[in-house]
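Close look at the chain arrangement
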Amino acid sequence: MTTIAESPVPRIPLDYPSVRDAVADYLLQVNHGVYQPDRKKVLSVRKTDRTAWLRDVSPPVRGEVFYFIEGELFSEKDATRLQNGETPQERAEKLLDGIWPQLQIWIAYDFARSTSGMNAP
């Protein structure tokens, strides 16, 4: 059995700045005017460099996985609602603090060659 350390698949860490910026973009959109969470928005991650961006849900393209922002990444009610005086960037960092280790595990699993999950490339 091959361990993660011995795996022939290169381990590329998830790009935190791009994930933070994508989540902050989402927060800005759903908190503009009246708070309205959008269940059609996903955090999409590219396999080659593990960068992320925000997009609408559609079938993933080759070499990409995605995660639903509402419900999958952040399941608590109103988790994506900005508090008084809080910037989208600050809220994104707080939210990511709570899921970062888990998100990196999901990414590694979803990009592993032996998996064929719903969002796999």
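Here is a short report on the structure shown in this document. (Residues numbered from 1 in each chain as written. Predicted model: local features only at pLDDT ≥ 70, side-chain atom pairs only at ≥ 80, totals over all residues. Heavy atoms only, no water.)

Some remarks on the environment of S58
Where we set the bar: Runs of H or I in DSSP of at least four residues are treated as helices and runs of E of at least two as strands, each being numbered from the N terminus. Polar contacts here mean pairs of N or O atoms no more than 3.5 Å apart (in protein, one a potential hydrogen donor and the other a potential acceptor; neighbouring residues in sequence count only if both atoms are side-chain atoms).
With respect to the element layout, S58 can be found in the loop between β2 (52-56) and β3 (64-68). For the pair formed by S58 and K41, sequence separation is 17 residues and the distance between their alpha carbons is 9.5 Å. Polar contacts involving the side chain of S58 include one to the side chain of R55, which spans 2.8 Å.

Topic: the sheet that holds strand β1 (residues 41-46)
Note the threshold: We treat two strands as partners when DSSP finds at least two bridges between them. Angles run from 0 to 180 degrees between N-to-C directions of axes, and those axes are lines fitted to C-alpha atoms, restricted for helices to the stretch in contact. In what follows, residue pairs with any heavy atoms lying within 4.5 Å of each other are defined as contacts.
Read from one edge to the other, the open sheet built from three strands follows the order β2-β1-β3, with strand pairing classed as antiparallel. Edge positions in the sheet fall to β2 and β3, since each has one partner strand and no second. In this sheet, adjacent strand axes meet at a mean angle of 35° when their direction is disregarded. Here β1 pairs with β3 via five bridges, running antiparallel. Bridging from a neighbouring strand, L43 pairs with Y67 of β3. Against the sheet, helix α1 (residues 16-30) engages β1 and β2, with an angle of about 35° to β2. Helix α2 (residues 88-111) rests against β1 and β3 of the sheet, and its axis sits at about 140° to β3.

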